[in-house]
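The chain contents come next:
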Amino acid sequence: MNHQPETLLLHTEDRITTVTINRPDKRNALNNQVLEELQEVFISFLENDEIRGVILTGSGTQAFAAGADIPELAKLKEKSGRRASEKGQSVLSIIEATGKPVIAAVEGYALGGGCELAMACHLRVVSEKAWFGQPEVGLGLIPGYGGTQRLTRLVGKGRALEMILDGTPIDARKAYEYGLVNRVVAEGQTVAVAQEWLRRIITRGPKALKKAIQAVHAAYPNRAQGFHDESQLFGSLCGTDDFIEGTRAFIEKRKPEFQNK
Ligand code: COA
């Protein structure tokens, strides 16, 4: 890294770096700066053999991340929307391809882009008070950071459609039952448990861990088409009347009234 990130806190101990998204007053929403800094930090890990494992978490216990930053999102039109989706997909794919195990430690809400971010990590340790959801349809939108693809792979088509069409978040117990998360622990303990778990994992051969991650992802060929379609569809919704109404309603703290336009 060339400079200290402003939206992330970094702490390295025992060859494990903890990356904390630090916008608690905005429920750690992923604005452009957070995405840029995540990209920069995770690229720097690629070349750093001193770091053997990474924990990704959010500041405080209220949210891991409440999704893309809605006021920023609200400005998107078709082309810029497609590009924003491609950017989010690309940052999350960099995290997935870091070459060392990445554990998401989830306290509170992991919604929209926050759920997508947690799914891009290799493992998920979550608080018993965590919530997971893809609420984008409530904004007149669909998941655009790879969520339609990763959620479907993790939980299957039926449950993915349930979560994406309904948009209501599910609790940690249900997320565990669905196979969306790996471990459910007491509130406030996710980072400590993730650290303990990673300490054991990183005693294994680092090259083997890297190739294992690669090999598992090779089980999903033709990934590019699904991601491409997701971005096109996401972009096609940006700037529509329903999208404008959905994002405006969130900002104005009221329920949206969609007109199918
Ligand atoms: N983008 C930008 N700001 C967000 C945000 C987001 N995705 N999610 C929450 N915030 C902001 C709120 O606007 C509010 O800011 P304010 O204090 O300046 O008004 C602050 O974070 C706290 O949010 P609030 O809704 O008051 O907190 P809550 O504890 O009652 O509810 C959530 C938390 C996460 C359930 C709720 O904020 C929410 O539903 N967020 C949006 C989730 C979403 O649709 N994500 C998908 C985006 S694509």
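Figured I'd write up the structure that's included with this text. Keep in mind that what you see is a predicted model, and the values were worked out from it rather than measured.

## Section: the packing of helix H1 (residues 32–46) against helix H3 (residues 78–96)
Interaxial distance between H1 and H3 falls to 9 Å at its minimum, and their mutual angle equals 30°. As the angle between them shows, H1 and H3 are arranged roughly parallel. As H1 packs across H3, the resulting crossing turns out to be left-handed. On H3, the residues touching Leu-35, Glu-36, Leu-38, Gln-39, Phe-42 and Ile-43 of H1 are Lys-87, Gly-88, Ser-90, Val-91, Ile-94 and Ile-95. Grouping the constituent residues of the contact of H1 with H3 by class yields seven nonpolar, three polar and two charged.

## Re unusual backbone geometry
With phi around 50°, Asp-14 is a residue other than glycine that occupies positive phi space. Position of Asp-14 among the secondary structure elements: in the loop between strand E1 (8–13) and strand E2 (16–21). Classification of Asp-14 as partly exposed rests on a relative accessible area of 46%. The phi dihedral of Lys-253 is positive, around 55°, even though this residue is not glycine.

## Observations concerning the side chain of Ser-59
As for its position among the elements, Ser-59 is in the loop between strand E3 (53–58) and strand E4 (63–65). At 3.1 Å, the side chain of Ser-59 forms a polar contact with the side chain of Asn-22. Not counting residues within four places of it along the chain, the set of residues in contact with Ser-59 comprises Thr-20, Ile-21, Asn-22, Pro-24 and Asn-28.

## Quick word on the sheet that holds strand E9 (residues 170–171)
Strand order in the open sheet formed by four strands is E4-E6-E8-E9, with mixed pairing between adjacent strands. In the strand order of this sheet, the two ends are held by E4 and E9, each with one partner. Sheet topology note: the E4/strand E6 (residues 109–111) ladder contains two bridges and is parallel. Bridge pairing links Ala-63 to Tyr-109 in E6. The sheet contacts of helix H4 (residues 113–120) involve E4, E6 and strand E8 (131–133), and relative to E6 the element is tilted by about 95°.

## Comments concerning the nonpolar core
Judged by nonpolar contacts, the single largest core of 53 residues is most densely connected at Phe-42, Phe-132 and Leu-180. Sorting elements by how many residues they give to this core places H1 first, with six residues. Discounting residues that sit within four places of it in the chain, Phe-132 has contacts with Val-106, Ala-110, Leu-111, Cys-115, Val-126, Met-163, Pro-169, Ile-170, Ala-175, Leu-180 and Val-181. Membership of the second largest hydrophobic core comes to 14 residues, among which are Ala-105, Val-193, Ala-194 and Ile-201.

## As for the pairing of E1
Taken together, the six bridges between E1 and E2 define a ladder with antiparallel strand orientation. Among the inter-strand pairings, Leu-10 is bridged to a residue of E2, identified as Val-19. The turn linking E1 back onto E2 is made up of two residues, and Asp-14 within it adopts a positive phi angle of 50°.

## Some thoughts on the site of the ligand
Not every one of the 17 residues close to the ligand is listed here, only the nearest: Lys-26, Ala-66, Ala-68, Ile-70 and Lys-253. Within the side chain of Arg-27, one N or O atom sits 3.1 Å away from an oxygen atom of the ligand. Ala-66 places a main-chain nitrogen or oxygen 2.9 Å from a nitrogen atom of the ligand. Burial of the ligand by the protein amounts to 70% of the accessible area it has alone, namely 870 Å². Mapped by element, the contributors of at least two residues to the shell around the ligand are helix H2 (70–73) and E6. In terms of residue count, the dominant contributor to the shell around the ligand is H2 (three residues). Class assignment of the residues belonging to the shell around the ligand gives a composition of 11 nonpolar, no polar and six charged.

## Digging into the side chain of Thr-7
Note that Thr-7 resides in the segment before E1. Look past the residues within four positions of Thr-7 in its chain and what remains in contact with it is Thr-20, Ile-21, Asn-22, Gln-33, Val-34 and Glu-37.

## Regarding the sheet that holds E3
Adjacent strands of a sheet form backbone hydrogen bonds with each other and so pair up, either parallel or antiparallel. A sheet is described by the order of its strands in space; here six strands give the open sequence E1-E2-E3-E5-E7-E10, paired in mixed fashion. Among the strands making up the open sheet, the edge pair consists of E1 and strand E10 (183–185). Taking each pair of neighbouring strands and ignoring which way they run, the sheet shows an average axis angle of 20°. Inspection of the sheet shows strand E7 (residues 123–127) paired to E10 by three bridges, in the parallel sense. The partner of Ser-127 across the bridge, within E10, is Val-185.

The rules we used
Residues numbered from 1 in each chain as written. Predicted model: local features only at pLDDT ≥ 70, side-chain atom pairs only at ≥ 80, totals over all residues. Heavy atoms only, no water. Axes fitted to C-alpha atoms, helices over the stretch in contact; angles between N-to-C directions. Helix = DSSP H or I, 4+ residues; strand = E, 2+ residues; numbered from the N terminus. Parallel < 35°, antiparallel > 145°, perpendicular 65-115°, else oblique. Left-handed = near helix turned anticlockwise from the far one by under 90°. Contact = heavy atoms within 4.5 Å. Nonpolar A, V, L, I, M, F, W, Y, C, P; charged D, E, K, R; others polar. Buried < 20%, exposed > 50% of the residue type's maximum accessible area, 1.4 Å probe, protein only. Polar contact = N/O pair within 3.5 Å; in protein donor to acceptor, adjacent residues only side chain to side chain. Pairing = 2+ DSSP bridges. Core = buried A, V, L, I, M, F, W, Y, C linked by side-chain atoms within 4.5 Å. Near = heavy atom within 4 Å. Areas by Shrake-Rupley, 256 points an atom, 1.4 Å probe, with all protein chains shown as cover.

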